Amino acid sequence: MTVSMRKLGVNQKGCIRAVTAGGELGRRIRDMGLVPGTRVMVIGRAPLADPVELRMKGYTLSLRNSEADYISVEAL
């Protein structure tokens, strides 16, 4: 089942299926390594749930929920 990355819970893993953002935002998201086929794990959230902290490809990345909405993941 494919859901928005925002919906993944802490310690939940997923595999990116699509990045639906276009233009500059889509390019920036892909430049950060968030491309289809990449496995990610949500390792934390800020107290107000924004941003979300991800672990992928050996590094940690923080992503705003408004950006995470453009990334479809399959929960693992």
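Scroll up for the structure.
Residues numbered from 1 in each chain as written. Predicted model: local features only at pLDDT ≥ 70, side-chain atom pairs only at ≥ 80, totals over all residues. Heavy atoms only, no water.

Asker: Whenever I open this one, unusual backbone geometry confuses me. Can you help?
Answerer: With the exception of glycine, the majority of residues adopt a negative phi angle, and the majority of peptide bonds are in the trans configuration. Backbone geometry places Asn11, a non-glycine residue, at a positive phi of 70 degrees. Following the sequence through the fold, Asn11 ends up in the loop between β1 (2-4) and β2 (13-19). Overall, Asn11 belongs to the exposed group, its relative accessible area being 54%. Phi at Lys57 is positive, roughly 45 degrees, even though this residue is not glycine. With respect to the helices and strands, the residue Lys57 is situated in the loop between β4 (52-56) and β5 (59-63). Taking the relative accessible area as the measure of exposure, Lys57 reaches 55% and is therefore exposed. (Helix = DSSP H or I, 4+ residues; strand = E, 2+ residues; numbered from the N terminus. Buried < 20%, exposed > 50% of the residue type's maximum accessible area, 1.4 Å probe, protein only.)

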